[in-house]
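Descriptive analysis of the structure
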Amino acid sequence: MALHTRPARTIKRVARKIGQAGPHEIRVAYRSRPVDPDLVVYESFAGNGMLCNPEAIFRALLADPEQQHLRHVWVLADLSAYASTVAEFAGHDRVRFVRRGSLGYHRALATAGLLVNNATFPPDWGKRPGQTYLNTWHGTPLKAMGYDEAQGGWGARNVLRNFLMADYLLSTSPFMSEQMYEHAYRLTNIAPGELVEVGYPRTDLQFADAAGLARTRERLRAAGVGLGGDDDTLVLLAPTWKGESFHTPRNDAAELAELVDELDALLPDGHRVLLKVHQQVYRHAAVEPRLAGRLVPNAVPTNAVLGLVDVLVTDYSSIFFDFLSTGRPVLFHTPDRDEYDGYRGSYLGLDELPGPRSGTAAELADLVRAIGTGSSLDPLVTHGTTYAAARARFAPQDDGGATQRVIDVVVRGRREGLAVRRTRRDDRRTLMLYLGGMMSNGITSSALNLLRTIDHDRWDVSVVMGAINNDDRRANADSIDPRVRQLVRTTNATMSKSLWRTRRRLMRGHLDTIAPAALQRVDAALEQDWRRVAGAARFDHVVDFSGYSPAWTFLLGHAPAGSRAVWQHNDLLADQMREIRGKRPHANNLRAVFTSYSRFDHLVSVSEALRDVNARSLSAYAPPEKFVAARNTIDVQRILTGAAEAAPEEVFGALKPTADGSAPFVFVAVGRLSPEKNHQRLLEAFCIAQRTHPEIRLVVVGDGPLRADLTARASRFGLDGVVLFAGLQRNPWAIMAASQCFVLSSDYEGQPMVILEARTIGLPVVSTSFDSVGSAVGEGEGLVVERSAPALGAGMVAAVEGRVPRPDFDPATYNEVVLQEFERAVGATA
């Protein structure tokens, strides 16, 4: 086809790909270069300046006579915005700057021997073998963080990923190590790095001599900040960011300017009020005219300013932890404490704060004036004991020598007498699960059920997911048990085009066509991709609970683990051959999945009958001893809670009333509208049963590729208003509970979980016969009929006439047995 005949958007797409290919290939080439042990990369707050702990470490290494062989790269978001920083090191042959996101940035990240960050590197970065990563973080936590926040694991995903890649995690105290790293970010049991409890390098600036303090004054004055006379009392107002998202904080610059104005007016002569705002809101404060001459610039190190000021006023900012080492008073101005606790919360109670609280500018001014007076308002009197206890608890190592201690551990390899330890381990076994695509289907429901029913006192559970890009996936991800740790793979691995083509052949099931050398390169890329997702964490058991995606089976097949298992929810060979509108949607992906089985120790079917089927049909890919069985658990509480809700009026209200006005007998079917469920047979069986019992109705819950065909077929059968296709429902159990009988017409199922859900609610069950039906309904527990429309129709008649047995079902006992099956299947027990 001539180029000019292609659609315009196709031409644009091709041109865009050509333009992107160059930079991508260059990034791939960077990652093939040797790691340079003499290169150090520093990044603070995503490039928002040369700041915080990384700056302190950088300046110490740059000046250290023993470290003159090191070369240093600083990452800045915008070099022009930090021109004074760049100018300070102009011409220095061992210091250079790169823009965050540029090719130079990716080259530095790919080749540096030591990487230092006080926040996170982006999701597409992964640490290479031979690199050392020091994450210093940027403060002892006062505010709830990580899994203690409302957004929980989803909001913590890139932070957790960075922490799992870190060789060293810097900590100010045992409180920070335990509360933030081990608890809030759930590093217990899995983080491979070491906690370095030696204090914060940035606080060394607070111990500056007279010359150092003079330099800080000069920098502030040069930036236009009014300090008054050298004997004036400097009051620093340093609030945290507000809002529900760190990345999109609320602009409260006008409110802060008003507070500064009020406080300035209320304090006597000889007091100067300065404002230091969080990095994330500085751009808003910088353009607020009333803050001119009062706003501390980002370029001036915060801790240098703390060494200068006489009084710190904060709200929920962890800055006060740093200030404790000065011994000077801290005041807490918290007029919105109740509102803040509602969406973020604090780790410290009011009685633990090392200073008094105020709610208005007048109250705050009274506290400032009382300092040193010995009055009943004097913070040194009211909170002296609390202050001393807080200093010992939160800042025991902040003494002016923290930077050298960090360098001792990380660079010099010295740790004698220093608090360096591994993250805590307990007696639980660690389990990593891939849940699947998180769309609403049987696999997702079974995975969520397992996460809710597994014994979390015995199992430390993590899950890994792909990108969550629609409301249905988001709703299911939000349903993950909050005790579960979440990792997310949001970007693809960095590979060359030739390697990507080889990987694509692997993902289409053509393993036998790939040369050994090429396969080794793909294996290495997959190992690196897993490290990018989970760092160097090693799990006792890794499980692919989906079993349908070769991208994930091969990725999980490279995860370090004591054992690996992949689930088989259906007769997979039949699934591979299944046709929908003349196509086989699973032909390529399942062929590839089968070739990945050599990397797994256990192939787990969800019933014993299904295990036997898969063991026979897939014997070319794995020996029989690898095939095992473990049924799925039931989320009893969720089912019963849903069943207790009122059924949606739009469902049952849409059904035609019976001829005599009596209540109809409603059958309910729940499942995906796809060929293996054979809803066509169900419609034919319903027609047969309706001849005997015209009062019956049918509600079909679910969606799928055959919905339009089935709806049209029902209309042709004259079933409008008698059969209702209710679509996907967030709470199918309310509809089931309002019905009189559950019916299933499948040709095959992995394990028919919906039968167990119906039995939990107390419904009688009529089902066609297939290999695994006995895993859900046994002899005398329902009615199982042949796979034909007449047999199913007769079964439905039997249900209307009360001839289907409905014995009690104990779902709790069922779950106990199934969890034992799970542990055996993954190799946790013999």
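In this text, all values refer to a predicted model and were calculated from it rather than measured experimentally. (Residues numbered from 1 in each chain as written. Predicted model: local features only at pLDDT ≥ 70, side-chain atom pairs only at ≥ 80, totals over all residues. Heavy atoms only, no water.)

1. Focus on the sheet that holds strand β17 (residues 539–544)
Ordered in space as β16-β15-β14-β17-β18-β19-β20, the seven strands form an open sheet in which the pairing is parallel. Single-partner strands in this sheet number two, and they are β16 (485–488) and β20 (627–629). For this sheet, the mean angle separating the axes of adjacent strands, direction not counted, is 25°. Direction of pairing for β17 relative to strand β18 (residues 561–568): parallel, over a ladder of five bridges. Opposite Val542, over in β18, you have Arg564 as the bridge partner. Across the sheet, helix α33 (residues 811–825) is in contact with β14 (429–434), β15 (459–465), β18, β19 (602–605) and β20; its angle to β20 comes to roughly 160°. (Pairing = 2+ DSSP bridges. Helix = DSSP H or I, 4+ residues; strand = E, 2+ residues; numbered from the N terminus. Axes fitted to C-alpha atoms, helices over the stretch in contact; angles between N-to-C directions. Contact = heavy atoms within 4.5 Å.)

2. Topic: the packing of helix α26 (residues 636–644) against helix α31 (residues 753–761)
Closest axis-to-axis distance for the α26/α31 pair is 10 Å, and the angle between their directions is 60°. If you check the angle between α26 and α31, you find them oblique. Both α26 and α31 take part in a crossing whose hand is right-handed. Where α26 approaches α31, its residues Val636, Ile639, Leu640 and Ala643 are matched on the opposing element by Glu757, Thr760 and Ile761. Taken together, the residues of the contact of α26 with α31 sort by class into five nonpolar, one polar and one charged. (Parallel < 35°, antiparallel > 145°, perpendicular 65-115°, else oblique. Left-handed = near helix turned anticlockwise from the far one by under 90°. Nonpolar A, V, L, I, M, F, W, Y, C, P; charged D, E, K, R; others polar.)

3. Structural notes on the environment of Ala191
Here Ala191 shows up in the loop between α7 (174–184) and β7 (194–197). Sequence spacing of Ala191 and Asp167 is 24 residues, and the spatial spacing of their C-alpha atoms is 9.2 Å. In this structure Ala191 touches Leu164, Thr423 and Arg425, once residues within four positions along its chain are discounted.

4. Observations regarding helix α16 (residues 384–394)
Three or more residues of α16 are buried, namely Tyr387, Ala390 and Phe394. Taken around the axis of α16, the buried residues stretch over an arc of 65°, which confines them to a single face. Exposed residues lying more than 90 degrees from the buried face of α16 are Thr385 and Ala392. If you follow the buried residues of α16, they end up packed against α7, α12 (319–323) and β11 (330–333). (Buried < 20%, exposed > 50% of the residue type's maximum accessible area, 1.4 Å probe, protein only. Arc of directions from axis to C-beta.)

5. Some remarks on the side chain of Gln528
Structurally, the position occupied by Gln528 is in helix α21 (residues 516–534). Ignoring any residue separated from it by four or fewer positions in sequence, one finds Gln528 in contact with Arg31, Gly126, Lys127, Arg128 and Pro129.

6. Some details on the packing of aromatic side chains
Taken as a whole and judged by the stated rule, the model has 24 aromatic pairs. Sitting above the plane of the Trp500 ring, Arg503 keeps its charged end 4.6 Å from the centroid. (Phe/Tyr/Trp six-rings, centres within 6.5 Å; stacked < 30°, edge-to-face > 60°. Lys NZ or Arg CZ within 6 Å of the ring centre and 35° of its normal.)

7. Some details on the state of the cysteines
Under the definition given, this model contains zero disulfides. Just so you know, Cys687 is unpaired, no disulfide at all, and the nearest cysteine sulfur is the one on Cys741, 17 Å from it. (Disulfide = S-S within 2.5 Å.)

8. Describing the side chain of Thr595
Among the secondary structure elements, Thr595 is positioned in helix α24 (residues 587–595). Residue classification places Thr595 among the buried positions, given a relative accessible area of 15%. Among residues more than four places away in sequence, those in contact with Thr595 are Gly509, Leu511, Phe554 and Tyr621.

9. Structural notes on the confidence of the model for the protein
A low pLDDT score tells you not to read the predicted coordinates there in detail. In this model, the protein carries a mean pLDDT of 92, and residues with pLDDT of at least 70 account for 96%. A low-confidence stretch, residues 1–6 stays under pLDDT 50, and its non-local contacts, those more than four residues away or across chains, total three contacts. (pLDDT = per-residue confidence, 0-100.)

10. Describing a positive patch on the surface
On the surface, Lys497, Arg501, Arg504 and Arg508 cluster together into a patch of positive charge. Overall, Arg501 belongs to the partly exposed group, its relative accessible area being 47%. (Patch = residues over 30% accessible without salt bridge, like charges linked within 9 Å, V, L, I, M, F, W, Y side chains within 5 Å. Areas by Shrake-Rupley, 256 points an atom, 1.4 Å probe, with all protein chains shown as cover. Salt bridge = Lys/Arg side-chain N within 4 Å of Asp/Glu carboxyl O. Lys, Arg positive; Asp, Glu negative; His and termini not counted. Charge placed at Lys NZ, Arg CZ, Asp CG, Glu CD.)

11. Notes on the pattern of salt bridges
Across all of its chains, the model carries 44 salt bridges by this definition. For Arg405, the salt bridge identified is with Asp399, shortest N-O distance 3.0 Å. Classification of Arg405 as buried rests on a relative accessible area of 14%. With a relative accessible area of 42%, Asp399 lands in the partly exposed category. Three or more residues are tied together by salt bridges with common partners; here these are Asp64, Glu66, Asp408, Arg412 and Arg414.

12. Structural notes on unusual backbone geometry
Backbone geometry places Ala46, a non-glycine residue, at a positive phi of 55°. Within the element layout of this structure, Ala46 appears in the loop between β1 (36–43) and α2 (52–63).

13. Digging into the sheet that holds strand β8 (residues 233–237)
The five strands are arranged β9-β8-β10-β11-β12 in an open sheet whose pairing can be described as parallel. Because the sheet does not close on itself, it has two edges, and the strands there are β9 (271–275) and β12 (357–358). The sheet contact formed by strand β10 (residues 311–314) and β11 spans three bridges and is parallel. If you follow Val313 over to β11, its bridge partner there is Leu331. Relative to the sheet, helix α9 (residues 253–266) contacts β8, β9 and β11, its axis offset from that of β9 by approximately 170°. Most of the contacts of helix α14 (residues 361–370) go to β11, to which it runs at about 170°, and overall it touches β8, β9, β10, β11 and β12.

14. Describing the packing of α2 against helix α17 (residues 402–410)
Where α2 meets α17, the axes come as close as 10 Å, and the angle between the chain directions of the two elements is 75°. In this view, α2 runs roughly perpendicular relative to α17, as classed from their interaxial angle. Facing α2, whose interface residues are Ala56, Ile57, Ala60 and Leu61, α17 presents Thr403, Gln404, Val406 and Ile407. Of the residues in the contact of α2 with α17, the class split is six nonpolar, two polar and no charged.

15. Observations regarding helix α6 (residues 157–165)
An α-helix turns once per 3.6 residues; consequently, residues spaced three or four apart project the same way. Among the nine residues of α6, eight are classified as buried, and the element is accordingly described as predominantly covered. If you check which residues of α6 are buried, you get Asn158, Val159, Leu160, Arg161, Asn162, Phe163, Leu164 and Met165. Where α6 is buried, its residues contact β5 (132–135), β6 (168–171), α7, β16 and α21.

16. Examining the environment of Glu43
Of note, Glu43 is situated in strand β1. Spatially, the C-alpha atoms of Glu43 and Val593 are 40 Å apart, while their sequence positions differ by 550 residues. Not counting residues within four places of it along the chain, the set of residues in contact with Glu43 comprises Pro54, Trp74, Val75, Arg100, Tyr105, Val116, Asn117, Asn118, Thr120 and Phe121.

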